[in-house]
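Per-entry structural report
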Amino acid sequence: MKLASKIIGGIFAFLFLVLIIICERDRPVDELIPLYANQDSKFMPVLGMNVHYRDEGVQTDSIPLILLHGMSSSLNTWDSVAMGLKAERRVISLDLPGFGLTGPSPENAYNFTYFNKFIDSFTTRLKIKRFILAGNSMGGAISWNYALHNPQGLAKMILIDAAGYPKKGESGSLGFKIASTPVINNLLLYATPKFLVRKSLETVYYDPARVTNAQVERFHDIAIRAGNREAALQIFKGSFTGSSQRFLNSPVPKIKDIKTPTLILWGDKDNLIGVNNVDNFLRDIQGSQAEIYQNVGHVPMEEVPEKVVASMLKFVR
């Protein structure tokens, strides 16, 4: 018994030492704004947050495009697509609550009901009555749930590798696996090593060689923005719920009630949310249409932005 106690004590002491070595403090948003906001960045008070967004393109466009990023991402995921769209349309990208420079929700609520309220508040502040939502991954799930919440306000919808259905054998990313593992995931509140960020990003893309040091640095810095790690962990622990359904793995049965004209875009080599989900959305959203990009992973808007721009413009014109 004494030997076992010593071994267990030694293991915990070792883990504690490792944690101390790799532990990272949260970074205040004031340190990050000079690094990751640009000349087009704006900040607007919404629901107790100072929301980071960019409002670009044709300001007279009465039905703008609003772009929603995925889990652990930021508005930067849309940079190339926004550049291609803004010559013809008004394009608004933003850091969702719990992510990017926007940071955590004071309500500490990350569910479909909250995000519906957030989008309502955000668009009201910008005096936008009708718009098009485009969402990737988690942002896709938020988008199609909003279509159920406010069908009159949503002119069209674009889902890009969107979450919403149970996973079926996708390999997933190392970071997401750790974040979904009970007990161990709590370590991510204190340590977010860059090697883990890199490995996770390499899983997102079809070609892992496209991951750059600058990307790793940005994703890492945004991840440790004060409050963001707690928000992400809360989502991974299953607190992102709506209509009594878990966000990450369960569909909402009412998805079949969606009448919003919908375009579905997908990378055929998506390791996080498999391309088989295209058939699910086509089946459940009547009249929807789809395009599948060859040799593309989870974020087509970053991997083949020119194709995504062409697909989106064709759909919204």
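First, a word on scope: everything that follows refers to the structure included in this document.

Here is what the cut-offs are and how they apply
- Residues numbered from 1 in each chain as written.
- Predicted model: local features only at pLDDT ≥ 70, side-chain atom pairs only at ≥ 80, totals over all residues.
- Heavy atoms only, no water.
- Core = buried A, V, L, I, M, F, W, Y, C linked by side-chain atoms within 4.5 Å.
- Buried < 20%, exposed > 50% of the residue type's maximum accessible area, 1.4 Å probe, protein only.
- Contact = heavy atoms within 4.5 Å.
- 1 Å grid on protein atoms, 1.4 Å probe; cavity = no way out; pocket = protein on both sides within 12 Å on 5 of 7 lines; lining within 4 Å.
- Points joined across faces, edges and corners; volume = space filled by probe spheres on them.
- Nonpolar A, V, L, I, M, F, W, Y, C, P; charged D, E, K, R; others polar.
- Helix = DSSP H or I, 4+ residues; strand = E, 2+ residues; numbered from the N terminus.
- Pairing = 2+ DSSP bridges.
- Axes fitted to C-alpha atoms, helices over the stretch in contact; angles between N-to-C directions.
- Phe/Tyr/Trp six-rings, centres within 6.5 Å; stacked < 30°, edge-to-face > 60°.
- Lys NZ or Arg CZ within 6 Å of the ring centre and 35° of its normal.

Turning next to the nonpolar core. With 81 residues, the main nonpolar core has Phe 122, Ile 158, Phe 281 and Met 312 as its most contacted residues. Setting aside residues no more than four positions away along its own chain, Met 312 makes contact with Leu 65, Leu 67, Val 81, Leu 85, Ala 134, Ile 158, Leu 263 and Leu 265. In this structure, Val 29, Leu 32, Leu 101 and Ile 222 belong to the second largest nonpolar core, which totals five residues.

Turning our eyes to something else, we now look at empty space enclosed by the protein. Taken as a whole, this structure holds two cavities of 30 Å³ or more when the rule is applied. Taken as a whole, the second largest cavity encloses approximately 30 Å³ of empty space. Forming the boundary of the second largest cavity are Ser 72, Ser 73, Ser 74, Arg 218, Phe 219 and Ile 222. Residues that form the lining of the second largest cavity fall into these classes: two nonpolar, three polar and one charged.

By the element assignment, Asn 116 lies in helix α4 (residues 112–125). Classification of Asn 116 as buried rests on a relative accessible area of 7%. When the C-alpha atoms of Asn 116 and Ala 147 are compared, they prove to be 9.4 Å apart, with 31 residues separating the residues in sequence. In this view, Asn 116 contacts Asn 145, Tyr 146 and His 149; residues no more than four positions away in its chain are not counted.

Bringing the sheet that holds strand β4 (residues 90–94) into the picture now. An order of β1-β2-β4-β3-β5-β6-β9-β10 is seen for the eight strands of this open sheet, with the pairing classed as mixed. The open sheet terminates on both sides in strands that have one partner only, identified here as β1 (41–46) and β10 (289–293). In this sheet, adjacent strand axes meet at a mean angle of 25 degrees when their direction is disregarded. Here strand β3 (residues 65–68) pairs with β4 via four bridges, running parallel. Pairing of Ile 66 across the sheet is with Ile 92, part of β4. Relative to the sheet, helix α5 (residues 138–149) contacts β3, β5 (131–136) and β6 (154–160), its axis offset from that of β5 by approximately 145 degrees. Sheet contacts for helix α10 (residues 277–284): β6, β9 (262–267) and β10; angle to β9, the most-contacted strand, approximately 170 degrees.

Scanning all chains against the criterion turns up seven aromatic pairs. Judged by centre distance (6.1 Å) and plane angle (45 degrees), the rings of Phe 112 and Trp 144 are tilted. In this pair, Phe 112 is assigned in helix α4 and Trp 144 in helix α5, connecting sequence segments 32 residues apart. We note that Phe 112, like Trp 144, is buried. Look at Phe 118 and Phe 122: their rings are 5.9 Å apart centre to centre, the planes differ by 25 degrees, and that puts the pair in the stacked class. Remark: Phe 122 and Phe 118 occur in helix α4; sequence separation between them is four residues, near one turn of the helix. Phe 122 sits in the buried class, given a relative accessible area of 2%. We note Lys 156 situated over the ring of Phe 315; from NZ or CZ to the ring centre the distance is 4.9 Å. Between Arg 210 and the ring centre of Tyr 205, over which it is positioned, the NZ or CZ distance is 4.9 Å.

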